[in-house]
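# A structural walkthrough
Here is how the chains run, residue by residue.
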Amino acid sequence: QVQLVESGGGLVQAGGSLRLSCAASGRIDRINVMGWYRQAPGKQRELVASITSGGNTNYADSVKGRFTISRENAENTVYLQMNSLNSEDTAVYYCHARAWFAIGTFDYWGQGTQVTVSS
């Protein structure tokens, strides 16, 4: 029902910036929340940032002031602007969408994009 395609990952030096994008297609009219998660080797997947259909945003404490989540509704795209990157930001980043249907709630995930921050 919903497909998510990510792009923008790569290698960046500490202190640098990177912008991730996630393009959603399908039943986007049923999506209530979109966000970005990340998972580093040996660590649990954690929520980085989220944005609701109403425009409310939330951020993990570790990225507040450095990361910004935004959306471009016309193109069904969500962005994650990452500034002042450090080694702790190295992880696979996953786009996520939650959609509500009459039969229940469904979660959709992008394929993941690697972000590596070199010191």
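In this text, all values refer to a predicted model and were calculated from it rather than measured experimentally.

Okay, the environment of Ala 49 next. Secondary-structure assignment places Ala 49 in strand S5 (residues 46-52). For the pair Ala 49 and Gly 35, spaced 14 residues apart in the sequence, the C-alpha separation amounts to 5.5 Å. Look past the residues within four positions of Ala 49 in its chain and what remains in contact with it is Gly 35, Trp 36, Asn 58, Tyr 59, Ile 69 and Leu 80.

Enumeration over the complete set of coordinates arrives at two aromatic pairs. Here the aromatic rings of Tyr 37 and Trp 109 are separated by 5.0 Å at their centres, their planes lie at 65 degrees, and the arrangement is edge-to-face. With Tyr 37 in strand S4 (residues 31-39) and Trp 109 in strand S10 (residues 104-109), this residue pair connects regions lying 72 residues apart in the sequence. Its relative accessible area of 38% is what places Trp 109 among the partly exposed residues. Taking the centre distance of 5.7 Å and the plane angle of 75 degrees together, the rings of Phe 101 and Phe 106 count as edge-to-face. Since its relative accessible area comes to 18%, Phe 101 is described here as buried.

The phi angle at Ser 84 is positive, at roughly 50 degrees, despite the residue not being glycine. Positionally, Ser 84 belongs in the loop between strand S8 (77-82) and strand S9 (91-101).

Definitions and limits used
- Residues numbered from 1 in each chain as written.
- Predicted model: local features only at pLDDT ≥ 70, side-chain atom pairs only at ≥ 80, totals over all residues.
- Heavy atoms only, no water.
- Helix = DSSP H or I, 4+ residues; strand = E, 2+ residues; numbered from the N terminus.
- Contact = heavy atoms within 4.5 Å.
- Phe/Tyr/Trp six-rings, centres within 6.5 Å; stacked < 30°, edge-to-face > 60°.
- Buried < 20%, exposed > 50% of the residue type's maximum accessible area, 1.4 Å probe, protein only.

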